[in-house]
Amino acid sequence: MLFDSSDLVYFEVLKPESIKYVYKLRPAKDFGSIFDLHFDSIRLVAVEPPNGCQKPSNSRIIQGAIALVERGGCSFVSKSKMVEQFGAVAVLIADNAADNVNTMLDMVQDGTGRDVHIPAGFILGSDGYYIRKALRESHETAAIISIPVNVTTSPHLYTKQPPWSYW
């Protein structure tokens, strides 16, 4: 699906070192709050189980963090409501295709009329895969990220992109 790059928000992983790159996300189209949050250092917690459709087994560490969940199993709204219930300040939903390096989806309301009060964004499957992999390998419970990256003042935006991704 084609998209306007002005619709994107960028974030940078600060830790773990192995995935210290700038990533892009596409905010949800018609649900959730506006992606106007600003954090120089916040935890990005990979929800377990990854699809985020039921109570997370790691729900205690989601409070005050950005939750990372995978696409599939239930609607984008259901995933967002689930992590919101446990105190997440935002949710990033990664495509469940680990080889997706360039297709961004429109995340839309599921027709249930439920309100989501946190920002929700879609990230590439490859980015979600490598973030989760790095957390497992480093035995970390969360990545530390900075969001948003100011694209007008960041000279490293295109030089710090993940090597598996092609902007």
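Note that the structure is predicted; figures quoted are calculated from it, not measured.

Caption draft 1: The arrangement of the overall build of the chain in detail. The secondary structure content of the chain amounts to two helices and seven strands. Along the chain, from the amino end to the carboxyl end, the secondary structure elements read β-β-β-β-α-β-β-α-β. Taking 167 residues into account, the globule formula puts the C-alpha radius of gyration at 15 Å, and the chain, at 14 Å, falls close to it. Long-range pairs, those at least 24 residues apart, make up 70% of the contacts in the chain between residues at least 6 apart in sequence. Working note: accessible area of the chain is about 8,000 Å², and carbon and sulfur atoms make up 51% of it.

Caption draft 2: Broad picture of unusual backbone geometry. Here the amide bond leading from Lys15 into Pro16 is cis, since omega sits at 5°, within 30 degrees of zero. Here Pro16 shows up in the loop between strand 1 (9-15) and strand 2 (22-27). For the bond from Glu48 to Pro49, the omega torsion is -10°, close enough to zero to count as cis. One non-glycine residue, His139, adopts positive backbone phi at about 55°. In this structure His139 comes out as exposed when scored by relative accessible area, which is 72%.

Caption draft 3: Up close: the environment of Asp115. By the element assignment, Asp115 lies in the loop between strand 5 (90-94) and strand 6 (120-123). Residue classification places Asp115 among the exposed residues on the basis of a relative accessible area of 53%.

Caption draft 4: Region of interest: the environment of Ser75. Following the sequence through the fold, Ser75 ends up in the loop between strand 4 (66-70) and helix 1 (76-85). Accessibility expressed as a relative area gives 21% for Ser75, which makes it partly exposed. Setting aside chain neighbours within four positions, we find Ser75 in contact with Asp110 and Arg114. A distance of 2.7 Å separates the side chain of Ser75 from the side chain of Asp110, its partner in a polar contact.

Caption draft 5: How the structure looks around the sheet that holds strand 4. One closed barrel accounts for seven strands, arranged 1-2-6-5-4-3-7; its pairing is mixed. The sheet shows a mean angle of 40° between the axes of neighbouring strands, direction not considered. Bridge count between strand 5 and strand 6: four bridges; the pairing is parallel. Along strand 6, the bridge assignment pairs Ile93 with Phe122. Packed on one face of the sheet, helix 1 meets strand 4, strand 5 and strand 6 and runs near 140° to strand 5.

Caption draft 6: Seen up close, helix 2 (residues 125-138). Its 14 residues place the ends of helix 2 20 Å apart at the C-alpha level, agreeing with the 20 Å of an ideal helix rising 1.5 Å per residue. Trailing helix 2 by a residue or two, His139 shows a phi angle of about 55°, which is positive.

Rules used in this analysis
- Residues numbered from 1 in each chain as written.
- Predicted model: local features only at pLDDT ≥ 70, side-chain atom pairs only at ≥ 80, totals over all residues.
- Heavy atoms only, no water.
- Helix = DSSP H or I, 4+ residues; strand = E, 2+ residues; numbered from the N terminus.
- Rg over C-alpha atoms; globule rule 2.2 N^0.38 Å.
- Contact = heavy atoms within 4.5 Å.
- Areas by Shrake-Rupley, 256 points an atom, 1.4 Å probe, with all protein chains shown as cover.
- Buried < 20%, exposed > 50% of the residue type's maximum accessible area, 1.4 Å probe, protein only.
- Polar contact = N/O pair within 3.5 Å; in protein donor to acceptor, adjacent residues only side chain to side chain.
- Pairing = 2+ DSSP bridges.
- Axes fitted to C-alpha atoms, helices over the stretch in contact; angles between N-to-C directions.
- Expected span 1.5 Å × (residues − 1).

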